[in-house]
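Commentary on secondary and tertiary structure
Chain by chain, the residues:
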Amino acid sequence: QVRLVESGGGLVQAGESLRLSCAASGSVNGMGWYRQAPGKQRELVASIASSGYTNYANSVKGRFTISRDRAKNTVYLQMKDLKPEDTAVYYCNDRNSDWGQGTQVTVSS
């Protein structure tokens, strides 16, 4: 397990962009970004495998990009053309670690 600290969330208008960061206490390999809106199940929105392969939920394809900086032990989620339905708390995880605090993303309509 590694400690995970998410940051970069905020309040934006629809159509704007944000970049989320996930700082890990150890090397980042396979990682995913998840989000959870009030009353909804936590869902996986983007993932990157140790090989570098990436995958995205259909709702964010073409708008979100997951990337990794091994030297900084950091995973990023670049979010473009944000929509109100993207509003949620965003978390990163390697599927083996405890959930962090997450970072709130709020997109106004």
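Summarised in this report is the structure supplied together with it. (Residues numbered from 1 in each chain as written. Predicted model: local features only at pLDDT ≥ 70, side-chain atom pairs only at ≥ 80, totals over all residues. Heavy atoms only, no water.)

Some words on the state of the cysteines
- Applying the stated criterion across every chain, the model contains one disulfide.
- Residue Cys22 pairs covalently with Cys92 via a disulfide, S to S 1.9 Å. The sign of the 70° torsion about the S-S bond sets the Cys22-Cys92 disulfide as right-handed. Separated by 70 residues along the polypeptide, Cys22 in strand S3 (residues 18-24) and Cys92 in strand S9 (residues 88-93) bring together distant segments of the chain. Like Cys22, the residue Cys92 is buried in the burial classification. (Disulfide = S-S within 2.5 Å. Helix = DSSP H or I, 4+ residues; strand = E, 2+ residues; numbered from the N terminus. Buried < 20%, exposed > 50% of the residue type's maximum accessible area, 1.4 Å probe, protein only.)

Quick word on the packing of aromatic side chains
- Following the criterion strictly, the structure yields two aromatic pairs and no others.
- Ring centres of Tyr34 and Trp99 lie 5.1 Å apart, and the angle between their planes is 85°; on these two criteria the pair is classed as edge-to-face. Here Tyr34, found in strand S4 (residues 31-36), pairs with Trp99, found in the loop between S9 and strand S10 (103-108); they are 65 residues apart in sequence, far enough to count as distant.
- Judged by relative accessible area, which is 40%, Trp99 ranks as partly exposed.
- Between Tyr91 and Trp99, the aromatic rings sit 5.8 Å apart at their centres with planes inclined by 70°, giving edge-to-face as the arrangement.
- Taken together, the ring pairs in this structure connect Tyr34, Tyr91 and Trp99 into an aromatic cluster.
- Directly above the ring of Tyr91 sits Arg42, whose terminal nitrogen or CZ lies 4.5 Å from the centroid.
- The lysine or arginine in question, Arg42, covers the ring of Trp99, its NZ or CZ lying 3.8 Å from the ring centre. (Phe/Tyr/Trp six-rings, centres within 6.5 Å; stacked < 30°, edge-to-face > 60°. Lys NZ or Arg CZ within 6 Å of the ring centre and 35° of its normal.)

What to know about the sheet that holds S9
- The strand order S2-S10-S9-S4-S5-S6 describes an open sheet built from six strands, whose pairing is mixed. Each end of this open sheet is capped by a strand with a single partner; those strands are strand S2 (10-13) and strand S6 (54-56). Going across the sheet, the axis of each strand differs from the next one's by a mean of 25°, ignoring polarity.
- As defined by bridge partners, S4 adjoins S9 across five bridges and the pair is classed as antiparallel. In the sheet register, Gln36 faces S9, and the bridge partner there is Val89. (Pairing = 2+ DSSP bridges. Axes fitted to C-alpha atoms, helices over the stretch in contact; angles between N-to-C directions.)

Examining the environment of Gln41
- Within the secondary structure, Gln41 sits in the loop between S4 and strand S5 (43-48).
- Exposure remark for Gln41: the relative accessible area of 70% places this residue in the exposed category.

Topic: unusual backbone geometry
- A positive phi angle is found at Asn73, which is not glycine, with a value near 50°.
- Within the secondary structure layout, Asn73 lies in the loop between strand S7 (64-69) and strand S8 (74-79).
- At Arg95, a position not held by glycine, the phi torsion is positive, near 75°.
- With respect to the helices, strands and loops of the structure, Arg95 is situated in the loop between S9 and S10.
- For Arg95, a relative accessible area of 74% translates into the label exposed.

By themselves these figures say nothing about function.
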